[in-house]
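Coordinate analysis (summary)
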Amino acid sequence: MKLLQDKVALITGASRGIGKAIALRLAGEGANIAFTDLREDENMQAVVKEIEALGVKAKGYASNAADLNQTLETVEKIVADFGRIDVLVNNAGITKDGLLLKMSEEQWDAVINVNLKSVFNFTKAVQPIMLKQRSGSIVNMSSVVGVSGNAGQTNYSASKAGIIGFTKSVAKEIGSRNIRCNAIAPGFIITDMTGQLSEEVRKAWAEKIPLKRGGTPEDVANVCLFLASDLSSYVSGQVLHVCGGMNM
Ligand code: NAI
C-alpha cells in the first residue's frame, strides 16, 4: 500500500521548482494531485502529463494565491473535481530583494501578499473541508531566513517568519480535529528562484553549508511526503529545516 493511496493533495505554485517536485513525489505515493499556478501555460500542462503518467488523477488551476476570492473559487472547483482534500501544501512564493533603505512599498506588499497572505487564503478555504473530514495535513513552505533573517530580504524573511507563527497557531486551533499543520524551512535549494543569483553568490552559499552543496527540490519533496503522510502522525506545529545543516 502506498503512503498516500487515494488521498487528494492540493499544492500551490507547482508548475515548476519545489512545488512540482512535491506534486510528483506525492503522486508517486498514490495521491491524486490538484495544483495551482499563476497561468495555465505549457509548464502547467507538462506537469499534469508527468503526474498522470504515474497513474493518478491530476489537474492544474490558474489561480493567484494572493487573492482570497480567486482562492475560494479555486478550492470550490477542486472539491467539485476531486471530492475531498487531504493534504494542503502552501508552496507558492516570490522574492523581491533589496536593502530596506531602498525597498519600495510595492516590493514589501507583493512579497507579503504572495508568500504570507496566500497561506491564510488557502488554509482558510480548505479548513472547512478538513474539519468535515476530521483529518488533514497542512504543510507550509517557510525558509531558513524566516528563522535567521537575511540582509536584503526584510520582506521575504518577515513573510517566512509570519508563516511559522501562523503554522503553530493553526496546529493549536485545529489539532483536536485531527488536522496537523507543520512548516518546512528549506535552506539553499537549486531552482529558478535561486538561479537569479550570480555564480559567485551561489558558490559562497554552498561553502557555508556543512553538506557542501545546495539542496535539490527532491530533498524538500521527501520531507514534505513525510509531513503529508501518516509517517508523521504525531508531528504538528513543527518547523523542519531542510538545509544541509546550515541552520542548527
Ligand atoms: P520558483 O520561483 O521556482 O517556483 C515558485 C512557483 O510559484 C512558480 O511556478 C510561480 O509561478 C508560482 N507562483 C508565484 N506567485 C504565485 C501566486 N501569486 N499564485 C500562484 N502561484 C504563484 O520557487 P521555488 O524555489 O520552487 O520556491 C518554492 C517555495 O519554496 C517558495 O515559497 C519559496 O519561498 C520557498 N523556498 C525556496 C528556497 C530556495 O532556495 N529555492 C529556499 C527557501 C524557501
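Residues numbered from 1 in each chain as written. Predicted model: local features only at pLDDT ≥ 70, side-chain atom pairs only at ≥ 80, totals over all residues. Heavy atoms only, no water.

Moving on, we get to the packing of helix H4 (residues 105–133) against helix H6 (residues 154–174). Contact geometry of H4 with H6 gives a least axis separation of 8 Å together with a crossing angle of 15 degrees. In terms of orientation, H4 and H6 fall into the roughly parallel class. The crossing of H4 and H6 is right-handed. Contacts between H4 and H6 involve Gln107, Trp108, Val111, Ile112, Asn115, Leu116, Val119, Phe120, Thr123, Gln127 and Leu131 from the former and Thr154, Asn155, Tyr156, Ala158, Ser159, Lys160, Gly162, Ile163, Phe166, Val170 and Ile174 from the latter. Split into classes, the residues belonging to the contact of H4 with H6 amount to 13 nonpolar, eight polar and one charged. (Axes fitted to C-alpha atoms, helices over the stretch in contact; angles between N-to-C directions. Helix = DSSP H or I, 4+ residues; strand = E, 2+ residues; numbered from the N terminus. Parallel < 35°, antiparallel > 145°, perpendicular 65-115°, else oblique. Left-handed = near helix turned anticlockwise from the far one by under 90°. Contact = heavy atoms within 4.5 Å. Nonpolar A, V, L, I, M, F, W, Y, C, P; charged D, E, K, R; others polar.)

Let us now look at unusual backbone geometry. The phi torsion at arginine 134 lies on the positive side, around 60 degrees, for a residue other than glycine. Relative to the elements of secondary structure, arginine 134 occurs in the loop between H4 and strand S5 (136–141). In this structure, lysine 212 takes a positive phi of about 60 degrees despite not being glycine. In this fold, lysine 212 is placed in the loop between helix H8 (199–208) and helix H9 (217–228).

Around the ligand lies a shell of 27 residues, among which Arg16, Asp37, Asn91, Tyr156 and Thr191 are the nearest. Measuring from an oxygen atom of the ligand, one finds a side-chain N or O atom of threonine 191 at 2.5 Å. Relative to its unbound accessible area of 830 Å², the ligand is 94% covered by the protein chains. Of all the secondary structure elements, the ones that give two or more residues to the shell around the ligand are helix H1 (17–28), H6 and helix H7 (192–195). It is H7 that contributes the most residues to the shell around the ligand, three residues altogether. (Near = heavy atom within 4 Å. Polar contact = N/O pair within 3.5 Å; in protein donor to acceptor, adjacent residues only side chain to side chain. Areas by Shrake-Rupley, 256 points an atom, 1.4 Å probe, with all protein chains shown as cover.)

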